[in-house]
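# Close look at the chain arrangement
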Amino acid sequence: MKVELLVSEWCASCHQSEKIWREVAEEKDIEFAVLDMGQPEGRALVSRLRLKTIPAVVIDGELKGIGVQTFAEARAWVAAAPAKQKTDMQHAGLTLSLDNRLFMLGAMVYLMLGGLGLAINGTLLTDGPARPVALHLITVGFMLMLIYGLAAHMLPRFTGNPILMGVWPWLQMGLVHAGLLAYSAGFLLGVYPVIIAGGALIWLSLLVFAVRIWPVLWPKPRNNGTVIPLHIQPGE
């Protein structure tokens, strides 16, 4: 059973509807996707069904309801679907997940720390152990963490494909934080094995991110090797 929730960034009630349907999707084995009407898949669905109001719920290609449903109504609509087996693959929606919020919060913190380090120590144009620390807090801490948070939220939305969640984003986050701390401590103390270990941890976080993002960009083919776009139903 395929359930598509059509939403928009400017729609206040869409966030409430998404929350309800995400909870239902955790209980039932349904193919659930949140489609933004500003994206190609969402526009195609609006055009095909001639929708004028959102949020709208489409089940197996047919318009089921408009507006925000209660938990009881949503569960009743997918009652025929079997109970869901545990999986770490999840579709992204309008709301940032907790891990992506923390990635972006961490990016801002590292940017401030790196900027303060450069300003206080006057190390922007001078050499010394504090300079590479401050620069890596900005390049790795700010830029990489920002990429982690934005990419994990936006790419699943743009492609309509789920991303690997569960413990994976937290492992990725732990590795990049530990790597930055080890890398910084190694430079300040002049202990090169610690610097190498920190760099290795950062690269491991990139590897975890690649594992998570791979099925988003290159999903497994279905229907004899054809990947079915979200707005096209089999037989159309």
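Residues numbered from 1 in each chain as written. Predicted model: local features only at pLDDT ≥ 70, side-chain atom pairs only at ≥ 80, totals over all residues. Heavy atoms only, no water.

Moving on to the side chain of Ser184. Along the chain, the position of Ser184 falls in helix H6 (residues 168-189). Discounting residues that sit within four places of it in the chain, Ser184 has contacts with Val133 and Leu137. (Helix = DSSP H or I, 4+ residues; strand = E, 2+ residues; numbered from the N terminus. Contact = heavy atoms within 4.5 Å.)

Glancing now at the side chain of Ser8. Relative to the assigned elements, Ser8 resides in the loop between strand S1 (2-7) and helix H1 (12-27). A polar side-chain atom of Ser8 sits 2.7 Å from a polar atom in the side chain of Trp10. Those residues within four positions of Ser8 in sequence are excluded, and the remaining contacts are Cys14, Asp36, Met37, Ile54 and Leu94. (Polar contact = N/O pair within 3.5 Å; in protein donor to acceptor, adjacent residues only side chain to side chain.)

Two elements in contact, H6 and helix H7 (residues 192-217), have axes separated by 7 Å at closest approach and are oriented at 160°. Classified by the interaxial angle, the pair formed by H6 and H7 is roughly antiparallel. In terms of crossing hand, the pair formed by H6 and H7 is left-handed. Class assignment of the residues belonging to the contact of H6 with H7 gives a composition of 18 nonpolar, six polar and one charged. (Axes fitted to C-alpha atoms, helices over the stretch in contact; angles between N-to-C directions. Parallel < 35°, antiparallel > 145°, perpendicular 65-115°, else oblique. Left-handed = near helix turned anticlockwise from the far one by under 90°. Nonpolar A, V, L, I, M, F, W, Y, C, P; charged D, E, K, R; others polar.)

Further remarks concern the sheet that holds S1. Pairing between sheet strands relies on hydrogen bonds along the backbone, with the strands arranged either parallel or antiparallel. Across the sheet, which stays open at both edges, the four strands sit in the order S2-S1-S3-S4 with mixed pairing between neighbours. Each edge of the sheet is formed by a strand with only one pairing partner; in this case those strands are strand S2 (31-36) and strand S4 (62-66). For this sheet, the mean angle separating the axes of adjacent strands, direction not counted, is 25°. Pairing of strand S3 (residues 56-59) with S4, which is carried by four bridges, proceeds in the antiparallel orientation. Each residue of the ladder has a partner; that of Ile59, found in S4, is Glu62. Packing against the sheet, helix H2 (residues 40-49) makes contact with S1, S2, S3 and S4, and its axis sits at approximately 90° to S2. (Pairing = 2+ DSSP bridges.)

In terms of burial, S2 is largely enclosed, as five of its six residues are buried. By the bridge criterion, six bridges tie S1 to S2 in an arrangement that is parallel. Bridge assignment links Glu4 to a residue of S2, and that residue is Ala33. You can see the chain leave S1, run along H1 and come back into S2, and the turn it takes is right-handed. (Buried < 20%, exposed > 50% of the residue type's maximum accessible area, 1.4 Å probe, protein only. Right-handed = clockwise from strand over helix to strand, strands pointing away.)

The gaps left among the atoms become clear once a water-sized probe is rolled over them. Counted under the stated rule, the structure contains one cavity of 30 Å³ or more. Its volume calculated, the largest cavity comes out at about 30 Å³. (1 Å grid on protein atoms, 1.4 Å probe; cavity = no way out; pocket = protein on both sides within 12 Å on 5 of 7 lines; lining within 4 Å. Points joined across faces, edges and corners; volume = space filled by probe spheres on them.)

On inspection of all chains with the given rule, the structure shows five aromatic pairs. Considering the side-chain rings of Tyr148 and Phe209, the 5.0 Å spacing of their centres and the 45° angle between planes classify their relative orientation as tilted. Here Phe209 lies in helix H7 and Tyr148 lies in helix H5 (residues 130-159), a separation of 61 residues in the sequence. The exposure class assigned to Tyr148 is buried, which follows from its relative accessible area of 0%. Judged by its relative accessible area of 11%, Phe209 is buried. One aromatic cluster in this structure is built from Phe103, Tyr148 and Phe209. (Phe/Tyr/Trp six-rings, centres within 6.5 Å; stacked < 30°, edge-to-face > 60°.)

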